[in-house]
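Coordinate inspection notes
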Amino acid sequence: MTQLDIKLLSSIGSTLGPDNPEKGLSWRSAGRTHIGHVRALNEDDLFESIEQQLWCVADGMGGLSRGDYASKAIIKAIKGFSRHPTLRANIEDLEHKLLAVNDTCRSAFRAKRLGSTVAILFAFNNMCFCLWAGDSRIYRLRGGELTQLTEDHTLQQEKLSLTSASGETTNTDASARSAHVLTRAVGVHKTLRLDMTHHNIEAGDRFMLCSDGLYNALPANTIRALLGHGEINASLDELFTAALEHGGQDNITAVVAEAL
């Protein structure tokens, strides 16, 4: 692999053994996207596949040219994914697809910069893997507790991490200004750096991948309450209604996957 931890994947993979969907949990999922009330173009895109146990959200960067091209290029690449028998082969394949899209986006239009965030959830036996770049997020709802499984790649988050480590106080104004300045995204830098985390899956876990148009519009306690309310399609209906009622200032995209 080029970036992600080979030793870690090999270690986890040896514990999980070869892919065996018949022994794993079953899934149901749903996804949707909305242009919102303000933007002229929906630059978000999504993918969901219970068969591949793979879900993805991409949020094209509206501050650059053709964010819609970048997000659609990501989803097109992810749609070409087919499961492999080993964990390492699956993660390598996903990483290579995103690295290829990064190169494509950087060379697609002369003198134009384009980019997109990406958040991927991949289930393998009884574990799930989150891969991401940017500030699209993955949440898990378990037993009524909402946990953010990804960490935003923004200047604000980097500053918060540094100040937390050093014990310094945070400049609120500076933090607010850097809240949406991305430090990583597909297509922006010559080298794409992805992060990955892994987590055990329990029956009843509900995961949500979403663009910032959703979580910026709603406080965490509202997301927690609505994500756990009813079956997943009804839950998505309520989340989108609430986000649009709170302004719909951005494109809104979410995918919900539930382990059964």
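Look up: the structure comes first, before these words.
Figured I'd write up the structure that's included with this text. None of these values were measured; they are calculated from a predicted model.

Here we take up the packing of helix 7 (residues 220–227) against helix 8 (residues 232–245). Axis separation between helix 7 and helix 8 bottoms out at 8 Å; the angle between their running directions is 150°. Classified by the angle their axes make, helix 7 and helix 8 are roughly antiparallel. Residue-level contacts link Ile223, Leu226 and Leu227 of helix 7 to Ser235, Glu238, Leu239 and Ala242 of helix 8. Residue classes in the contact of helix 7 with helix 8 are distributed as five nonpolar, one polar and one charged.

Take the nonpolar core next. Core analysis: the biggest nonpolar cluster contains 35 residues, and Ile74, Ile78, Ile91, Ile120 and Phe129 have the highest contact counts within it. If one sorts the elements of this core by residue count, helix 3 (residues 87–107) sits on top with seven residues. When near neighbours in sequence (up to four residues on either side) are disregarded, Phe129 contacts Leu9, Ile12, Leu16, Leu87, Ile91, Ile120, Leu121, Phe122, Phe124, Met196, Thr197 and His198. Of all hydrophobic cores here, the second largest spans 23 residues; its members include Tyr215, Leu226, Leu227 and Ala242.

Moving on, we come to the sheet that holds strand 1 (residues 27–34). Strand order in the open sheet formed by five strands is 1-10-9-6-7, with antiparallel pairing between adjacent strands. With one partner strand each, in any of the chains shown, strand 1 and strand 7 (145–148) form the two edges of the open sheet. For this sheet, the mean inter-axis angle between neighbouring strands, taken without regard to orientation, is 15°. For strand 6 (residues 137–142) and strand 9 (residues 206–210), the ladder comprises five bridges, and the chain directions are antiparallel. Across the sheet, residue Tyr139 finds its bridge partner in strand 9, namely Met208. Running over the sheet, helix 8 touches strand 1, strand 9 and strand 10 (252–259) and is turned about 25° from strand 1.

Interaxial distance between helix 2 (residues 67–79) and helix 3 falls to 9 Å at its minimum, and their mutual angle equals 150°. When the axes of helix 2 and helix 3 are compared, the pair comes out roughly antiparallel. Every pair of crossing elements has a handedness; the one defined by helix 2 and helix 3 is right-handed. Facing helix 2, whose interface residues are Tyr69, Ala70, Ala73, Ile74, Ala77 and Ile78, helix 3 presents Leu94, Lys97, Leu98, Val101, Thr104 and Cys105. Here the contact of helix 2 with helix 3 is built from residues that sort into 10 nonpolar, one polar and one charged.

If you walk through the whole model with that rule in mind, you get five aromatic pairs. Ring geometry for Trp27 and Phe207: centres 6.0 Å apart, planes at 40°, overall tilted. Within this pair, whereas Trp27 is found in strand 1, its partner Phe207 is found in strand 9, the two being separated by 180 residues in sequence. According to the relative accessible area criterion, Trp27 is buried, its value standing at 8%. Between Tyr69 and Phe109, the aromatic rings sit 5.0 Å apart at their centres with planes inclined by 75°, giving edge-to-face as the arrangement. Of this pair, Tyr69 sits in helix 2 while Phe109 is found in the loop between helix 3 and strand 4 (116–124), placing the two residues 40 residues apart along the sequence. Looking at Phe109, the relative accessible area reads 23%, which means it is partly exposed. By way of ring pairs, the aromatic residues Trp27, Trp55 and Phe207 are connected into one cluster. When the ring centre of Phe109 is taken as reference, the NZ or CZ atom of Lys112 above it lies at 5.8 Å. The ring of Tyr215 has Arg137 lying over it, and the distance from NZ or CZ to the ring centre is 3.6 Å.

Scanning all chains against the criterion turns up 12 salt bridges. Where Glu258 meets Arg28, a salt bridge forms, and the shortest distance between an N and an O atom there is 2.8 Å. Of this pair, Glu258 sits in strand 10 while Arg28 sits in strand 1, and the two are 230 residues apart along the sequence. The exposure class of Arg28 is partly exposed, given its relative accessible area of 39%. Residue Asp237 pairs with Arg32 through a salt bridge whose shortest N-O separation is 2.1 Å. With Asp237 in helix 8 and Arg32 in strand 1, the pair connects residues that are 205 residues apart, well separated along the chain. A relative accessible area of 22% places Arg32 in the partly exposed class.

A few words on the sheet that holds strand 4. On the basis of which strands lie adjacent, the open sheet formed by five strands has the order 2-3-4-5-8 and antiparallel pairing. Two strands close off the open sheet at either side, each with one partner strand: strand 2 (44–49) and strand 8 (195–200). Neighbour to neighbour, the strand axes of the sheet diverge by 10° on average, direction disregarded. With six bridges joining them, strand 2 and strand 3 (residues 54–60) adopt antiparallel strand pairing. Bridge pairing in strand 3 places Asp45 opposite Ala58. Contacting strand 4, strand 5 (127–133) and strand 8, helix 1 (residues 6–16) crosses the sheet at an angle of about 155° to strand 5. Relative to strand 4, helix 3 is tilted by about 165°, and along the sheet it contacts strand 3, strand 4, strand 5 and strand 8.

Procedures and definitions
Residues numbered from 1 in each chain as written. Predicted model: local features only at pLDDT ≥ 70, side-chain atom pairs only at ≥ 80, totals over all residues. Heavy atoms only, no water. Axes fitted to C-alpha atoms, helices over the stretch in contact; angles between N-to-C directions. Helix = DSSP H or I, 4+ residues; strand = E, 2+ residues; numbered from the N terminus. Parallel < 35°, antiparallel > 145°, perpendicular 65-115°, else oblique. Contact = heavy atoms within 4.5 Å. Nonpolar A, V, L, I, M, F, W, Y, C, P; charged D, E, K, R; others polar. Core = buried A, V, L, I, M, F, W, Y, C linked by side-chain atoms within 4.5 Å. Buried < 20%, exposed > 50% of the residue type's maximum accessible area, 1.4 Å probe, protein only. Pairing = 2+ DSSP bridges. Left-handed = near helix turned anticlockwise from the far one by under 90°. Phe/Tyr/Trp six-rings, centres within 6.5 Å; stacked < 30°, edge-to-face > 60°. Lys NZ or Arg CZ within 6 Å of the ring centre and 35° of its normal. Salt bridge = Lys/Arg side-chain N within 4 Å of Asp/Glu carboxyl O.

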